[in-house]
Amino acid sequence: MTQGTQTPLRSSRPAGPLTGRLAVPGDKSISHRALMFGALAVGETAITGLLEGEDVLRTAAAMRLLGAEVTRLGPGEWRVAGRGVGGLTEPVDVLDMGNSGTAARLLCGLLAGHPIFAVMTGDASLRKRPMLRVTVPLAATGAEFWTREGGRLPLAVRGAVDPMPLDYTLPVASAQVKSACLLAGLCAPGVTRVVEREHTRDHTENMLRHFGAEVSVTDTDAGREIRVVGQPELVAAPVRVPGDPSSAAFPIAAALLVPGSRVVVEGVGLNPLRTGLLTTLREMGASLEIENARVEGGEPVGDIVASFSALRGVDVPPGRAPSMIDEYPVLAVLAAFATGTTRMRGLAELRVKESDRLAATAALLTANGVRCTIEGDDLIVEGGAVPGGGLVETHMDHRLAMSALVMGLASAAPVTVDDAGFIDTSFPGFAALLNRLAGGEAISPP
Ligand SMILES: O=C(O)C1=C[C@@H](OP(=O)(O)O)[C@@H](O)[C@H](O)C1
Ligand SMILES: C=C(OP(=O)(O)O)C(=O)O
């Protein structure tokens, strides 16, 4: 990829205060799911606020190839005419999920429950990521998967003719694996049961209910148990996608780091399973207020007011990781400017994201003169003055690119990234938006 609108090579330089109000693009997790549920529902699903990032556009294209009618009416405004549960049709071409782990893994769940043959691939980053975590549990439906060496894409799948319900306890904290199992279970008769020891984002469960499925969630000694009754008739329902808290993290971080800043990010999703970063930042002494808290489309939403703050290092417990899993690179940047040491614990899952984010985040910091170490699955950052001046390798990873560019707004010398093109997977317009807040070209082609 790199066919996005962001200049591939970019740098950011120390900026004046960031001020003003902004809205970030729609939530990526909810956007993928809205398109998929729309495709499985009977009737026409109206979606507003859909993220039009590359990852979600891949899901839209895949749903079209599987027989759903997917139409863009205007910015963020989409319609999906669904095929009904079990009604997806065999794709006549390869499903290319680009850079998106969520699209690939959730789609494996959908395909497992349909009696069709499909081939899936992705870009060089996605082709390195583990797929056995979904194909192994999904094989219990009766679907057959063939993957490349080590469970990597491309893969081929022949979905089950008479899918069996699943009963699965997640070995890793992953909303993608949970969702893949629940989506496959929709096509099977009887009850599919998934147990997660750590609580992960619950957008799939919320959307199942919203479209009329019977779902129960119970906390047991073994963990959180989710049950969904298979073969429901899902009925089209409007989806209003909130702003993505994982994208909001970047302007919030910039405001906290650049002296004199005050930024209001409007309409951000505040699902408690996504707000671990806000909890951590408050512990670090960040000035963060929530205004206008409300519920929109079944998800809590609010406006986040972030003002420049003197931050101090903290110890981030491993149990918090699922609620802020995509925010560690930017948290590491914030920690670099804080007084004292920050230890982020239990980050094993970062190794299987768009890049090995644990190693790449440490390299980002080191390239800019920040001292940090990796001990087991923990990242330890020594905070203080940040020299900057580094060229950061982003490894096809949007979050690394945005984190590095935020660092350069507050470091002594500019920070350059080797490729900003992948930012379009989740945050189209990122550089223009931060430049508007900074009132100038804080982020520019080098
Ligand atoms: O379900 C989802 O929408 C997502 C789950 C998380 O991945 P894992 O399930 O691999 O933790 C997260 O990192 C990803 O950006 C989106
Ligand atoms: C990990 C991420 O996404 P995905 O797994 O969908 O590629 C992310 O957006 O940070």
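If you're wondering where the values come from, they're calculated on a predicted model, not measured in any experiment.

## A look at the UniProt feature "binding site: phosphoenolpyruvate" (unreviewed entry) in the protein chain
Line of reasoning, step 1. As recorded in UniProt, the sites labelled "binding site: phosphoenolpyruvate" (unreviewed entry) are Lys28, Gly101, Arg129, Gln176, Arg357 and Arg399. In this structure, the largest pocket is lined, among the annotated residues mentioned, by Lys28, Gly101, Arg129, Gln176, Arg357 and Arg399.
Line of reasoning, step 2. Within the element layout of this structure, Lys28 appears in helix 1 (residues 28–40).
Line of reasoning, step 3. Apart from the residues within four sequence positions on either side, Lys28 is in contact with Leu51, Asp55, Val56, Thr102, Asp244, His398, Arg399, Thr425 and Ser426.
Line of reasoning, step 4. Locating Arg357 in the fold gives a position in helix 10 (residues 357–367).
Line of reasoning, step 5. Here Arg357 is in contact with Asp326, Pro329, Leu350, Arg351, Asp397, His398 and Arg399, once residues within four sequence places are set aside.

## What to know about the UniProt feature "binding site: 3-phosphoshikimate" (unreviewed entry) in the protein chain
Line of reasoning, step 1. Mapped onto the present numbering, the UniProt feature "binding site: 3-phosphoshikimate" (unreviewed entry) falls on Lys28, Ser29, Arg33, Ser174, Gln176, Asp326 and Lys353. Lining of the largest pocket among the annotated residues: Lys28, Ser29, Arg33, Ser174, Gln176, Asp326 and Lys353.
Line of reasoning, step 2. Looking at the secondary structure, you find Ser29 in helix 1.
Line of reasoning, step 3. Dropping the residues within four chain positions of it, Ser29 is found in contact with Arg201, His203 and Arg274.

## Some words on the site of ligand 2
Line of reasoning, step 1. If you check the shell around ligand 2, you find 13 residues, and the closest are Lys28, Gly101, Thr102, Arg129 and Arg399.
Line of reasoning, step 2. With respect to ligand 2, the side chain of Lys28 contributes an N or O atom lying 2.7 Å from an oxygen atom.
Line of reasoning, step 3. Contacts to ligand 2 include Arg129, whose side-chain N or O atom sits 2.8 Å from an oxygen atom.
Line of reasoning, step 4. Calculation on ligand 2 without its partners gives an accessible area of 300 Å², and the protein chains cover 99% of this total.
Line of reasoning, step 5. Listing elements by their share of the shell around ligand 2, those giving two or more residues are helix 3 (101–112) and helix 11 (398–408).
Line of reasoning, step 6. When we break the shell around ligand 2 down by domain, the ones giving at least three residues each are domain 1 (10–25 + 244–444) and domain 2 (28–189).

## Concerning the side chain of Ser11
Line of reasoning, step 1. Here Ser11 is to be found in strand 1 (residues 10–12).
Line of reasoning, step 2. Side chain to side chain, Ser11 and Arg13 meet in a polar contact 3.5 Å long.
Line of reasoning, step 3. Ser11 has contacts with Leu405, Val415, Thr416, Ala442, Ile443, Ser444 and Pro446, leaving out every residue within four places of it along the chain.

## A word on the nonpolar core
Line of reasoning, step 1. Judged by nonpolar contacts, the single largest core of 77 residues is most densely connected at Ile252, Leu281, Met344, Val381, Met407 and Phe430.
Line of reasoning, step 2. Membership of the second largest hydrophobic core comes to 65 residues, among which are Val56, Ala118, Ala184 and Leu208.

## Quick notes on the site of ligand 1
Line of reasoning, step 1. With respect to spatial proximity, the complete set of residues near ligand 1 consists of Lys28, Ser29, Arg33, Thr102, Ala173, Ser174, Ala175, Gln176, Arg201, Ile325, Asp326 and Lys353.
Line of reasoning, step 2. At 2.7 Å, a side-chain N or O of Ser174 approaches an oxygen atom of ligand 1.
Line of reasoning, step 3. Here Lys353 contributes a side-chain N or O atom positioned 2.7 Å from an oxygen atom of ligand 1.
Line of reasoning, step 4. In this structure the site holding ligand 1 corresponds to the largest pocket.

## Considering the layout of surface pockets
Line of reasoning, step 1. By volume, the largest pocket amounts to about 570 Å³.
Line of reasoning, step 2. As for the largest pocket, its lining consists of 38 residues, and the residues nearest its centre are Ala173, Ser174, Ile325, Glu349 and Lys353.
Line of reasoning, step 3. Residue assignment for the lining of the largest pocket shows that the elements contributing at least two residues are helix 1, helix 3, helix 5 (175–186) and helix 11.
Line of reasoning, step 4. Its residues assigned to classes, the lining of the largest pocket shows 11 nonpolar, nine polar and 18 charged.
Line of reasoning, step 5. Counting only domains with at least three residues in the lining of the largest pocket, you end up with domain 1 (10–25 + 244–444) and domain 2 (28–189).

Reading the values: the criteria
- Residues numbered from 1 in each chain as written.
- Chains lettered and ligands numbered in written order.
- Predicted model: local features only at pLDDT ≥ 70, side-chain atom pairs only at ≥ 80, totals over all residues.
- Heavy atoms only, no water.
- UniProt positions renumbered as here; feature names shortened; annotations may be inferred.
- 1 Å grid on protein atoms, 1.4 Å probe; cavity = no way out; pocket = protein on both sides within 12 Å on 5 of 7 lines; lining within 4 Å.
- Helix = DSSP H or I, 4+ residues; strand = E, 2+ residues; numbered from the N terminus.
- Contact = heavy atoms within 4.5 Å.
- Near = heavy atom within 4 Å.
- Polar contact = N/O pair within 3.5 Å; in protein donor to acceptor, adjacent residues only side chain to side chain.
- Areas by Shrake-Rupley, 256 points an atom, 1.4 Å probe, with all protein chains shown as cover.
- Domains from an automatic or database assignment.
- Core = buried A, V, L, I, M, F, W, Y, C linked by side-chain atoms within 4.5 Å.
- Buried < 20%, exposed > 50% of the residue type's maximum accessible area, 1.4 Å probe, protein only.
- Sits in = over half its atoms within 2 Å of the grid points.
- Points joined across faces, edges and corners; volume = space filled by probe spheres on them.
- Nonpolar A, V, L, I, M, F, W, Y, C, P; charged D, E, K, R; others polar.

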